[in-house]
2 protein chains.
Amino acid sequence: MTSSPHFHILIEKIFSINVTAEELKSIPEPSLRRLPVYLQYLQNARETGKTEISTTLIARDLRLDPTQVRKDLAYTGIIGKPKIGYNIDILINSIEDYLNWNNLSDAFLAGAGNLGLALLGFEQFTKYGIKIVALFDNDGRKIDREVKGVPVLPVEKMASLAKRMHIHIGIITVPASSAQSVAEQMVAGGIKAIWNFAPKMLKLPEEIIVENAQFATSLAVLTRKLAESLKMVE
Amino acid sequence: MTSSPHFHILIEKIFSINVTAEELKSIPEPSLRRLPVYLQYLQNARETGKTEISTTLIARDLRLDPTQVRKDLAYTGIIGKPKIGYNIDILINSIEDYLNWNNLSDAFLAGAGNLGLALLGFEQFTKYGIKIVALFDNDGRKIDREVKGVPVLPVEKMASLAKRMHIHIGIITVPASSAQSVAEQMVAGGIKAIWNFAPKMLKLPEEIIVENAQFATSLAVLTRKLAESLKMVE
DNA sequence: TAGATTGTTAATCGATTAACAATC
DNA sequence: TAGATTGTTAATCGATTAACAATC
């Protein structure tokens, strides 16, 4: 009994020691990546007037394994009812809370080009817990204007402003050639997490969280699968 | 010996039977997703004047396991030299060939908004084997213009034109509300693979290849990791 | 040659899937 | 109640990592 790997966690719980960080870490990344998919599916389902939903149904619609769906949802702390399933409203809230998408985080976006503007205008971006509070660009024609109520400022002001405003999230939509430099300025401004859309691997201190949203990765899967399927029917 | 699972493949090779489709399927998706990362890294490395590179070095720079890098690269058919490594030019070519990025495929893009235009202007998009040959939109003000030499046409012409031009790839950058309808029109036009940027799960025939490039997934990982790291220092 | 690297086989690790008791 | 669903433990599967002979 005392040799159970969960024993110390149990003890910590009994004595109300904060083990949140420990628990937070435990979700596998594939599960984490599926949560937004469930979220969007559930929001659709809610609009049809449903109030309860089972993992059996979710799994069928999303072509997943029902046990997998149950495990994924369990990470958010939701508890279902045998024979009935889960209350959709509570489930949606549970996922959003888990992702911290109910607390808006301010973010800076560098690169006021088409992609940057697309992200800024992304339908209800705030749904994803992010609020872009300033754009940064080097193009004099863009600077000091406002886009959708968000000011466009020169890049050299980014670091000091980030520090002053305690910004933790930076989004990079500049060309690959200036991505590294922009990233370093973000880090200098105290930014802790960077969402990088530039097709360029950033070299940054290990503690900085970098999520690469590279189109190339996605395209590789697509073109490869297509080549496969065309070969198959040859 | 004869019970080896590779025996029948061996036989097929000896008799020159086409087993390409079989071989193509074998790469694990995580490996496939890493190939574009290597590609971009190698292109950078080439610019510094290097001609040979080892997986030891690649792994260190990209924070991966060297054996993993070797296995990934081996899927493309490349052969290295002990003690030396791989010729960078040949390696780049090998990956591009494997991804079929040396053969440009024509593609249609539906949704001439900011995101659509960002994709269209994406630096050297043709580097990724895709050539967008027409944009489609419902907004009368956009229709019949040209953007960067690519015509903008009304959505209702998409299906028949796709059929006539034998287009296999469709890109969706329309709002979530019209994504399903646009996708169905693409399928009606004979399109086999869809790159979907709309935050909406598409319900399509099983044989259609759908790659969801959803921002939400990427953001979930980012915001979660950030929440973790902030909790840790509490 | 000695040291470094490749390519491959075996061991490990972690995610997915299966089995099943508990439950409404 | 009977049937369906949850939640959990065990088995399976597949990707990653370790070990090591072959090689330049």
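The structure we're discussing is the one just above.
Calculation notes
Residues numbered from 1 in each chain as written. Chains lettered and ligands numbered in written order. Predicted model: local features only at pLDDT ≥ 70, side-chain atom pairs only at ≥ 80, totals over all residues. Heavy atoms only, no water. Helix = DSSP H or I, 4+ residues; strand = E, 2+ residues; numbered from the N terminus. Buried < 20%, exposed > 50% of the residue type's maximum accessible area, 1.4 Å probe, protein only. Contact = heavy atoms within 4.5 Å. Areas by Shrake-Rupley, 256 points an atom, 1.4 Å probe, with all protein chains shown as cover. Near = heavy atom within 4 Å. Polar contact = N/O pair within 3.5 Å; in protein donor to acceptor, adjacent residues only side chain to side chain. Pairing = 2+ DSSP bridges. Axes fitted to C-alpha atoms, helices over the stretch in contact; angles between N-to-C directions. 1 Å grid on protein atoms, 1.4 Å probe; cavity = no way out; pocket = protein on both sides within 12 Å on 5 of 7 lines; lining within 4 Å. Points joined across faces, edges and corners; volume = space filled by probe spheres on them. Nonpolar A, V, L, I, M, F, W, Y, C, P; charged D, E, K, R; others polar. Left-handed = near helix turned anticlockwise from the far one by under 90°. Phe/Tyr/Trp six-rings, centres within 6.5 Å; stacked < 30°, edge-to-face > 60°. Lys NZ or Arg CZ within 6 Å of the ring centre and 35° of its normal. Least-squares fit on C-alpha atoms with pLDDT ≥ 70 in both. Buried area = accessible area lost by both parts, 1.4 Å probe. Salt bridge = Lys/Arg side-chain N within 4 Å of Asp/Glu carboxyl O.

**Some thoughts on the overall build of chain A**
Move 1: Secondary structure summary: chain A contains 10 helices and nine strands in total.
Move 2: Buried residues in chain A amount to 48% of all 234 residues.
Move 3: Long-range contacts, defined as pairs at least 24 residues apart, comprise 53% of the intrachain contacts of chain A with a sequence gap of at least 6.
Move 4: Carbon and sulfur atoms make up 54% of the accessible area of chain A, which amounts to about 12000 Å² in all.

**Notes on the protein's contact with DNA strand C**
Move 1: As a structural note, the neighbourhood of DNA strand C is formed by 22 residues, with Thr55(B), Arg70(B), Gly80(B), Lys83(B) and Tyr86(B) the closest of them.
Move 2: Here a base nitrogen of DNA strand C and a side-chain polar atom of Arg70(B) are 2.8 Å apart.
Move 3: Between DNA strand C and Gly80(B), the relevant distance is 2.7 Å, taken from a phosphate oxygen to a main-chain nitrogen or oxygen of the residue.
Move 4: Of all the secondary structure elements, the ones that give two or more residues to the surface near DNA strand C are α3 (29–47) and α5 (66–74) of chain A together with α4 (55–62) and α5 (66–74) of chain B.

**Let's talk about the sheet that holds strand β3 (residues 105–110) of chain A**
Residue and element names in this part refer to chain A.
Move 1: Read across the sheet, seven strands follow the order β5-β6-β4-β3-β7-β8-β9 without closing on themselves; strand pairing throughout is mixed. Taken across any chain shown, the strands that pair with only one partner, and hence form the sheet edges, are β5 (146–147) and β9 (209–212).
Move 2: As defined by bridge partners, strand β7 (residues 169–172) adjoins strand β8 (residues 193–196) across four bridges and the pair is classed as parallel. By the bridge assignment for β8, isoleucine 171 is matched with tryptophan 195.
Move 3: Along the sheet, helix α7 (residues 114–121) contacts β3, β4 (130–137), β5, β6 (150–154) and β7; its crossing angle with β4, the most-contacted strand, is approximately 155 degrees.
Move 4: Packing against the sheet, helix α9 (residues 176–188) makes contact with β3, β7 and β8, and its axis sits at approximately 170 degrees to β7.

**Things to note about empty space enclosed by the protein**
Move 1: In the structure shown here, the tally under the stated rule is one cavity of 30 Å³ or more.
Move 2: In this model, the largest cavity occupies a volume close to 30 Å³.
Move 3: Classifying every residue of the lining of the largest cavity gives eight nonpolar, one polar and no charged.

**Digging into the packing of helix α8 (residues 158–165) of chain B against helix α9 (residues 176–188) of chain B**
All names here are of chain B.
Move 1: Between α8 and α9, whose axes approach to 7 Å, the crossing angle comes to 35 degrees. For the element pair α8 and α9, the recorded crossing hand is right-handed. Of α9, the residues touching α8 (which contributes Met158, Ala159 and Lys163) are Val182, Gln185, Met186 and Ala188.
Move 2: In terms of residue class, the contact of α8 with α9 is made up of five nonpolar, one polar and one charged.

**A short note on the packing of aromatic side chains**
Move 1: In the structure shown here, the tally under the stated rule is 12 aromatic pairs over all chains.
Move 2: One aromatic cluster is present, formed by Trp195(A), Phe197(A), Phe215(A), Trp195(B), Phe197(B) and Phe215(B) through successive ring pairs.
Move 3: The positively charged end of Arg224(A) is found above the aromatic ring belonging to Tyr98(B), 3.7 Å away from the centroid.

**Section: the sheet that holds strand β5 (residues 146–147) of chain B**
Adjacent strands of a sheet pair through backbone hydrogen bonds, lying either parallel or antiparallel.
All names here are of chain B.
Move 1: Strand order in this open sheet of seven strands is β5-β6-β4-β3-β7-β8-β9, and the pairing throughout is mixed. At either end of the open sheet lies a strand with only one pairing partner, and these are β5 and β9 (209–212).
Move 2: Looking at chain direction, strand β3 (residues 105–110) and strand β4 (residues 130–137) are connected through six bridges and run parallel. Residue phenylalanine 108 lies in a different strand from β4, and its bridge partner there is alanine 134.
Move 3: Each of β3, β7 (169–172) and β8 (193–196) touches α9; the most contacted strand, β7, lies at about 170 degrees to it.

**With respect to the side chain of Asp139(B)**
Move 1: Summarising the element assignment, Asp139(B) is placed in the loop between β4 and β5.
Move 2: Among the polar contacts listed, one links the side chain of Asp139(B) to the side chain of Arg141(B), at a separation of 2.9 Å.

**A word on the protein's contact with DNA strand D**
Move 1: Taken together, 22 residues are adjacent to DNA strand D, and Thr55(A), Arg70(A), Gly80(A), Lys83(A) and Tyr86(A) come closest.
Move 2: Here Thr55(A) contributes a side-chain N or O atom positioned 2.6 Å from a phosphate oxygen of DNA strand D.
Move 3: Within the side chain of Tyr86(A), an N or O atom sits 2.6 Å from a phosphate oxygen of DNA strand D.
Move 4: Listed by contribution, the elements that provide at least two residues to the surface near DNA strand D are α4 (55–62) and α5 of chain A together with α3 (29–47) and α5 of chain B.
Move 5: In the surface near DNA strand D, the residues fall into six nonpolar, eight polar and eight charged.

**Remarks on the relation of the copies chain A and chain B**
Both copies of the chain are tied together by a single rotation about an axis and a shift running along it.
Move 1: The operation relating chain A to chain B is a screw motion whose rotation component is 180 degrees, with 0.0 Å of axial translation and a residual RMSD of 0.0 Å. With respect to symmetry, the two chain copies, as superposed, fit the operation of a two-fold axis.
Move 2: Of the interface residues in chain A, 100% have counterparts in chain B that sit at the interface too, so the contact is made through matching surfaces.

**Points about the interface of chain A and chain B**
Move 1: Each side of the interface is counted separately: chain A has 65 residues, and chain B has 65 residues.
Move 2: Here chain A and chain B share an interface that buries about 6400 Å² over both sides, 70% of which is from carbon and sulfur atoms.
Move 3: Interface area lost by chain A to chain B is led by Phe215(A), Leu222(A) and Arg224(A), which between them contribute 12%.
Move 4: Where chain A packs against chain B, one counts two salt bridges.
Move 5: Between Glu29(B) and Lys225(A) there is a salt bridge, with its nearest N and O atoms 3.9 Å apart.
Move 6: On the surface where chain A and chain B come into contact, there are 14 residue pairs in polar contact (both at pLDDT 80 or more).
Move 7: Put simply, the parts of the chain that give the side of chain A that touches chain B at least two residues each are α2 (20–25), α3, α6 (88–99), α7, β8, β9 and α10 (215–232) of chain A.
Move 8: Ranked by the residues each element gives to the side of chain A that touches chain B, the list is headed by α10(A), at 18 residues.
Move 9: Across the side of chain A that touches chain B, the residue classes break down as 39 nonpolar, 12 polar and 14 charged.

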